[in-house]
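Next come the chains, spelled out residue by residue.
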Protein chains: 2
Amino acid sequence: MAKQEKPDWNGCPTRYAAGIVGDKWCFLLLRDVLLHGKRTYREFLGSPEGISTNILANRLAKLETLGMLTREPDPRKASSVCYFPTKKARDFLPALISMMVWATRYDEVTEAPASFAKSFGEDPKGTIAWYETEIDRVDQALRAG
Amino acid sequence: MAKQEKPDWNGCPTRYAAGIVGDKWCFLLLRDVLLHGKRTYREFLGSPEGISTNILANRLAKLETLGMLTREPDPRKASSVCYFPTKKARDFLPALISMMVWATRYDEVTEAPASFAKSFGEDPKGTIAWYETEIDRVDQALRAG
DNA sequence: CCAGAATACTTGCAAAATGCAAGTGGAGTT
DNA sequence: AACTCCACTTGCATTTTGCAAGTATTCTGG
């Protein structure tokens, strides 16, 4: 009557994060949504990494399924679609910024100014709040039509 | 005489991070090294996600190339090998913990106790210092032979 | 109202990455 | 000398990716 050992695939928070962020394209899409104010398919396609159209469609669907994005018609134009970050995605901001701070330190060709890491180190909450405000600005402008 | 536009593949810190962490297996190996004190091939193989041997070898080499791990003979046994986290890897701890805090909030079957996120929220530096101490303990014990 | 452009995808296919099982080679142990 | 343990490597079938082309719906200008 030994208790069934299930393969330990649930429960580990790192593994949970890896399931979402442990994919280059999902990771970069989150950057585009959270940091660069991108919301449409066309904007995502325009990112310098050059994601291909089928992969983009696949990852947008994945991120929607995972509760990171919501897919809504563009109020400005019915033929267009917007992907908005959910609260779950916005709450990922501190982790994303943490990774940027780390990368800024170790990527010798980084574009990010040293002041970025410094300001986050001095006032993490303020830095995050600033990005949240930017997200609100973009989304409110869009939803207003 | 237009200046050559290079495809903007360098410089973005998020992209730099994505190049390392935007891979499920690298991500989980960093967890094993930084959080679970694993150092040998055999220990990594034992993780519940079940990485296969060729992929493990490939990712260990990748992480070594990226300066996240150093490969050294095991002082206890010359036929064995240890992978130690570099400073660059250790400096990734805050980001990793940030992601765990986020995952703990959104993974409804998380194993992590609520107290974990709470203690990190109240004293992030202390939490990170605690993990650093653990890493030192493991590595010093190993290197002592 | 209609031709052409724009947007958000889908499809097909070749190339690359992955997962699995089995094998290799060297050191330690009996 | 035989056996075991460890850290990989190899071969091969399956899956995922990247690229190019195509489709359906919605604007836009004349």
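Going by the structure above, here's the rest.
About the cut-offs
- Residues numbered from 1 in each chain as written.
- Chains lettered and ligands numbered in written order.
- Predicted model: local features only at pLDDT ≥ 70, side-chain atom pairs only at ≥ 80, totals over all residues.
- Heavy atoms only, no water.
- Helix = DSSP H or I, 4+ residues; strand = E, 2+ residues; numbered from the N terminus.
- Buried < 20%, exposed > 50% of the residue type's maximum accessible area, 1.4 Å probe, protein only.
- Least-squares fit on C-alpha atoms with pLDDT ≥ 70 in both.
- Near = heavy atom within 4 Å.
- Polar contact = N/O pair within 3.5 Å; in protein donor to acceptor, adjacent residues only side chain to side chain.
- Nonpolar A, V, L, I, M, F, W, Y, C, P; charged D, E, K, R; others polar.
- Axes fitted to C-alpha atoms, helices over the stretch in contact; angles between N-to-C directions.
- Parallel < 35°, antiparallel > 145°, perpendicular 65-115°, else oblique.
- Contact = heavy atoms within 4.5 Å.

> Looking at this model, I keep getting lost on the overall build of chain A. Mind explaining?
Across its full length, chain A holds 8 helices and 2 strands. For chain A, the N- to C-terminal ordering of α and β elements is α-α-α-α-β-β-α-α-α-α. Seen through its C-alpha atoms, chain A measures out along the principal axes to roughly 60 × 40 × 25 Å. For chain A, the residues scored as buried account for 46% of the 145 residues in total.

> What is the right way to read the relation of the copies chain A and chain B from this model?
Think of it as a corkscrew move, a rotation about one axis and a shift along it, taking one chain copy to the other. When chain A is fitted to chain B, the best match, at an RMSD of 0.0 Å, comes from turning it 180° and sliding it 0.0 Å along the axis. Read as a symmetry element, the transformation amounts to a two-fold axis. Every residue of chain A has its C-alpha some distance from the rotation axis, and the shortest such distance is that of Gly22 of chain A, at 2.2 Å.

> Quick question: what am I supposed to make of the protein's contact with DNA strand C here?
Residues in close proximity to DNA strand C total 20 residues, the closest being Thr53, Ser80 and Tyr83 of chain A together with Asn54 and Arg59 of chain B. Expressed as a percentage, the sugar and phosphate content of the atoms of DNA strand C within 4 Å of the protein is 60%. Within the side chain of Ser80 of chain A, one N or O atom sits 2.6 Å away from a phosphate oxygen of DNA strand C. Separating a phosphate oxygen of DNA strand C from a backbone N or O atom of Val81 of chain A is a distance of 3.1 Å. It is helix 4 (residues 53–65) of chain B that contributes the most residues to the surface near DNA strand C, 4 residues altogether. Class assignment of the residues belonging to the surface near DNA strand C gives a composition of 7 nonpolar, 9 polar and 4 charged.

> Explanation requested: the packing of helix 2 (residues 24–35) of chain B against helix 6 (residues 93–106) of chain B in the structure shown.
Each pair of packed helices gets described by two things: the angle between the helix axes and the distance between those axes. Residue and element names in this part refer to chain B. At their nearest, the axes of helix 2 and helix 6 sit 11 Å apart, and the two run at 105° to each other. On the basis of their axis angle, the class for helix 2 and helix 6 is roughly perpendicular. Mapping the contact onto sequence places Phe27, Leu30, Arg31, Leu34 and Leu35 in helix 2 and Leu93, Leu96, Met99 and Met100 in helix 6. Residue composition of the contact of helix 2 with helix 6, by class: 8 nonpolar, no polar and 1 charged.

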